[in-house]
Amino acid sequence: MSHVKRIIGLFAVMVPGLAFADLNTVVQKILGQLGSLPALILAIAVLYFLWGVVSYVRAGADGDIAEASAMIIWGLVAIFVIIAVWGLVGLISTTFGVGTTGTGLSAPGLTPS
(Lines give C-alpha, C1' and ligand atoms only; values in the text may rest on other atoms or scores of the structure.)
Protein backbone atom coordinates (compact mmCIF):
# COMPACT_ATOMS: atom_id res chain seq x y z
CA MET A 1 0.00 0.00 0.00
CA SER A 2 2.89 2.36 0.71
CA HIS A 3 4.13 1.93 -2.89
CA VAL A 4 0.79 3.18 -4.17
CA LYS A 5 1.03 6.24 -1.94
CA ARG A 6 4.54 6.97 -3.21
CA ILE A 7 3.45 6.69 -6.84
CA ILE A 8 0.44 8.95 -6.23
CA GLY A 9 2.72 11.44 -4.48
CA LEU A 10 5.16 11.37 -7.38
CA PHE A 11 2.39 12.07 -9.89
CA ALA A 12 1.03 14.85 -7.68
CA VAL A 13 4.43 16.52 -7.81
CA MET A 14 4.99 15.96 -11.55
CA VAL A 15 1.55 16.75 -12.98
CA PRO A 16 1.58 20.52 -12.38
CA GLY A 17 4.90 20.81 -14.23
CA LEU A 18 3.63 18.71 -17.11
CA ALA A 19 0.38 20.65 -17.34
CA PHE A 20 2.19 23.81 -18.41
CA ALA A 21 4.81 22.09 -20.56
CA ASP A 22 4.55 21.64 -24.28
CA LEU A 23 4.19 17.96 -25.24
CA ASN A 24 7.00 18.27 -27.77
CA THR A 25 9.32 19.64 -25.10
CA VAL A 26 8.49 16.80 -22.72
CA VAL A 27 9.08 14.18 -25.42
CA GLN A 28 12.39 15.80 -26.43
CA LYS A 29 13.60 15.80 -22.81
CA ILE A 30 12.67 12.14 -22.38
CA LEU A 31 14.41 11.18 -25.63
CA GLY A 32 17.44 13.22 -24.62
CA GLN A 33 17.71 11.25 -21.38
CA LEU A 34 17.29 7.93 -23.19
CA GLY A 35 20.39 8.69 -25.25
CA SER A 36 22.59 8.14 -22.20
CA LEU A 37 20.88 4.88 -21.23
CA PRO A 38 23.33 2.51 -23.02
CA ALA A 39 26.30 4.15 -21.30
CA LEU A 40 24.55 3.85 -17.93
CA ILE A 41 23.81 0.16 -18.49
CA LEU A 42 27.42 -0.42 -19.54
CA ALA A 43 28.66 1.34 -16.41
CA ILE A 44 26.45 -0.90 -14.26
CA ALA A 45 27.84 -4.00 -16.00
CA VAL A 46 31.42 -2.82 -15.44
CA LEU A 47 30.70 -2.15 -11.76
CA TYR A 48 29.17 -5.63 -11.44
CA PHE A 49 32.29 -7.15 -13.01
CA LEU A 50 34.59 -5.15 -10.72
CA TRP A 51 32.51 -6.15 -7.69
CA GLY A 52 33.03 -9.78 -8.75
CA VAL A 53 36.81 -9.21 -8.97
CA VAL A 54 36.87 -7.66 -5.49
CA SER A 55 34.72 -10.50 -4.15
CA TYR A 56 37.09 -13.02 -5.73
CA VAL A 57 40.13 -11.42 -4.13
CA ARG A 58 38.44 -11.28 -0.72
CA ALA A 59 36.87 -14.76 -0.94
CA GLY A 60 37.96 -17.27 1.65
CA ALA A 61 35.82 -20.34 1.13
CA ASP A 62 35.28 -22.39 -2.02
CA GLY A 63 31.62 -21.36 -2.23
CA ASP A 64 32.57 -17.69 -2.15
CA ILE A 65 35.14 -18.21 -4.90
CA ALA A 66 32.59 -19.96 -7.10
CA GLU A 67 30.06 -17.17 -6.58
CA ALA A 68 32.65 -14.48 -7.32
CA SER A 69 33.78 -16.35 -10.44
CA ALA A 70 30.18 -16.46 -11.66
CA MET A 71 29.88 -12.71 -11.09
CA ILE A 72 33.04 -12.10 -13.12
CA ILE A 73 31.86 -14.32 -15.98
CA TRP A 74 28.37 -12.80 -16.11
CA GLY A 75 29.84 -9.31 -15.87
CA LEU A 76 32.07 -10.00 -18.86
CA VAL A 77 29.15 -11.52 -20.80
CA ALA A 78 27.02 -8.46 -20.05
CA ILE A 79 29.79 -6.08 -21.15
CA PHE A 80 30.31 -8.03 -24.38
CA VAL A 81 26.58 -8.15 -25.19
CA ILE A 82 26.06 -4.45 -24.48
CA ILE A 83 29.01 -3.40 -26.64
CA ALA A 84 28.00 -5.81 -29.42
CA VAL A 85 24.41 -4.53 -29.50
CA TRP A 86 25.61 -0.94 -29.33
CA GLY A 87 27.93 -1.55 -32.29
CA LEU A 88 25.25 -3.40 -34.24
CA VAL A 89 22.79 -0.55 -33.79
CA GLY A 90 25.46 1.92 -34.92
CA LEU A 91 26.28 -0.23 -37.95
CA ILE A 92 22.63 -0.57 -38.96
CA SER A 93 21.89 3.11 -38.47
CA THR A 94 24.95 4.07 -40.52
CA THR A 95 24.15 1.55 -43.25
CA PHE A 96 20.58 2.71 -43.67
CA GLY A 97 21.32 6.40 -43.06
CA VAL A 98 19.07 6.64 -40.03
CA GLY A 99 20.33 8.91 -37.30
CA THR A 100 19.63 11.83 -35.07
CA THR A 101 21.00 14.39 -37.54
CA GLY A 102 17.91 14.29 -39.72
CA THR A 103 19.79 13.23 -42.84
CA GLY A 104 19.15 9.94 -44.54
CA LEU A 105 15.86 8.19 -45.03
CA SER A 106 12.67 10.15 -44.75
CA ALA A 107 9.12 8.96 -44.38
CA PRO A 108 7.09 8.87 -47.58
CA GLY A 109 4.41 11.48 -47.89
CA LEU A 110 2.08 13.22 -50.30
CA THR A 111 3.05 16.54 -51.75
CA PRO A 112 0.32 18.98 -52.72
CA SER A 113 0.13 19.73 -56.42
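None of the values given here were measured: they were computed from a predicted structure.

A. Examining the overall build of the protein more closely. Within the protein one finds four helices and zero strands. Taken from N to C terminus, the helices and strands of the protein fall in the order α-α-α-α. The long-range fraction of contacts in the protein, counting pairs at least 24 apart against all pairs at least 6 apart in sequence, stands at 47%. Counting only carbon and sulfur atoms, one obtains 74% of the accessible surface of the protein, whose full area is about 9500 Å².

B. Spatial organisation of the packing of helix α3 (residues 37-58) against helix α4 (residues 62-96). In contact at an axis separation of 8 Å, α3 and α4 are set at 160 degrees when each is read in the N-to-C sense. Looking at the two axes, α3 sits roughly antiparallel to α4. Considering how the two elements wind past one another, α3 and α4 form a crossing that is left-handed.

C. Quick peek at α4. Taking 1.5 Å of rise per residue, 35 residues should cover 51 Å, and α4 covers 51 Å from first to last C-alpha, within 8% of that figure. Among the residues making up α4, those that are buried are Ala68, Met71, Ile72, Gly75, Ile79 and Ile82. Taken together, the buried residues of α4 touch α3. With its phi angle positive at about 75 degrees, Gly97 sits one or two positions after the end of α4.

D. Seen up close, α3. For α3, spanning 22 residues, the distance from its first C-alpha to its last is 31 Å, which sits close to the expected 32 Å at 1.5 Å a residue. Listing the buried residues of α3 in full gives Leu42, Ala45 and Gly52. The buried residues of α3 all sit within an arc of 75 degrees when viewed along its axis, so they share a single face. The exposed set on the far side of α3, more than 90 degrees from its buried face, consists of Ile44, Leu47, Trp51, Val57 and Arg58. Contacts made by the buried residues of α3 are with α4.

Here is what the cut-offs are and how they apply
- Residues numbered from 1 in each chain as written.
- Predicted model: local features only at pLDDT ≥ 70, side-chain atom pairs only at ≥ 80, totals over all residues.
- Heavy atoms only, no water.
- Helix = DSSP H or I, 4+ residues; strand = E, 2+ residues; numbered from the N terminus.
- Contact = heavy atoms within 4.5 Å.
- Areas by Shrake-Rupley, 256 points an atom, 1.4 Å probe, with all protein chains shown as cover.
- Axes fitted to C-alpha atoms, helices over the stretch in contact; angles between N-to-C directions.
- Parallel < 35°, antiparallel > 145°, perpendicular 65-115°, else oblique.
- Left-handed = near helix turned anticlockwise from the far one by under 90°.
- Expected span 1.5 Å × (residues − 1).
- Buried < 20%, exposed > 50% of the residue type's maximum accessible area, 1.4 Å probe, protein only.
- Arc of directions from axis to C-beta.

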